[in-house]
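Chain residues, written in single-letter form:
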Amino acid sequence: MSREYRVGHGQDAHRLVAGRTLVVGGVRMPDSPRGPDAHSDGDVLLHALADALLSTYALGDIGRLFPPSDPKFAGLDSREIVARVLEKLELHASGARLENVAAVVTLDAPKLGARRDDIACSVAGLLGIEPAAVGLTFKTSEGLAPDHVQASVTLLLSRAP
Ligand SMILES: [Zn+2]
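A quick note: this is a predicted structure, and the numbers were derived from the prediction, not measured. (Residues numbered from 1 in each chain as written. Predicted model: local features only at pLDDT ≥ 70, side-chain atom pairs only at ≥ 80, totals over all residues. Heavy atoms only, no water.)

1. Description of the coordination of the zinc ion
Protein coordination at the zinc ion: the donors are D12 (OD), H14 (NE2) and H47 (ND1), at 2.0 to 2.1 Å from the metal. Along the chain, the residues that donate to the zinc ion are spaced as D-x1-H-x32-H. One end of the pair, D12, is in strand β1 (residues 4–18); the other, H47, is in helix α1 (residues 44–55), with 35 residues separating them in the sequence. (Donors = N, O, S within 2.8 Å, 3.2 Å for Na, K, Ca; no water. Helix = DSSP H or I, 4+ residues; strand = E, 2+ residues; numbered from the N terminus.)

Spelled out as structure tokens, the structure:
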């Protein structure tokens with residue numbers, strides 16, 4: 001029997017401010033002079049990923065699951081968000097398998113290329129897939145959005161009927 005395929009898509013952005021630690025895909029970059037201004041750790045890649053996962057079966061978005069107004073989510077490690085979203089997805093679509101993840105991260109500085117393998121391994125580890133199934137594209141905004149970090153994630157999920 002043929003498998004059922006679902007596409008997921010998510011996006012996220014945060015403003016960069018001094019005094020916060022930059023975290024991308026679960027990888028902390030303490031050397032960055034700025035980090036995301038956010039209620040949680042502001043990991044744009046994991047937030048976009050979590051929304052992409054939820055979107056595959058129209059399960060809402062992380063703003064609804066983890067409302068910024070709720071103090072218990074302050075400083076939340078976004079790996080925890082992804083873990084909870086995976087649990088929710090498994091409950092809704094048992095046996096679903098991630099085929100691949102395609103992510104674009106836009107950040108003017110610091111350059112993320114040197115951390116590509118770290119980020120791919122981190123994201124793959126969270127999802128239980130091979131790093132080779134995590135495509136990472138790093139872009140700059142060409143100076144158009146120097147105070148922002150942004151991410152967009154598309155993924156493909158499959159499931160035996
Ligand atoms: Zn976010």
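There's more to say after this.
2. A few points about helix α3 (residues 78–92)
Compared with an ideal rise of 1.5 Å per residue, which puts 15 residues at 21 Å, α3 spans 21 Å between its outermost C-alpha atoms and is within 8% of the ideal. Turning to α3, its buried residues are S78, I81, V82, V85 and L89. End-on, the buried residues of α3 take up no more than an arc of 95 degrees, which puts them together on one face. Exposed side of α3, more than 90 degrees from the buried face: E87 and L91 are the residues found there. (Expected span 1.5 Å × (residues − 1). Buried < 20%, exposed > 50% of the residue type's maximum accessible area, 1.4 Å probe, protein only. Arc of directions from axis to C-beta.)

3. Some remarks on the pattern of salt bridges
Under the criterion given, the structure shown has 9 salt bridges. Among the salt bridges present, the one from D147 reaches R34, with a minimum N-O distance of 2.8 Å. Of this pair, D147 sits in the loop between β6 (134–139) and β7 (148–159) while R34 sits in strand β4 (residues 34–36), and the two are 113 residues apart along the sequence. On the basis of relative accessible area, R34 is assigned to the partly exposed category, the value being 27%. Across the salt bridge formed by D70 and K72, the nearest N and O atoms sit 3.1 Å from each other. Via salt bridges that share partners, E4, R6 and R159 belong to a single interconnected network. (Salt bridge = Lys/Arg side-chain N within 4 Å of Asp/Glu carboxyl O.)

Function cannot be read off these values alone, since they describe shape.
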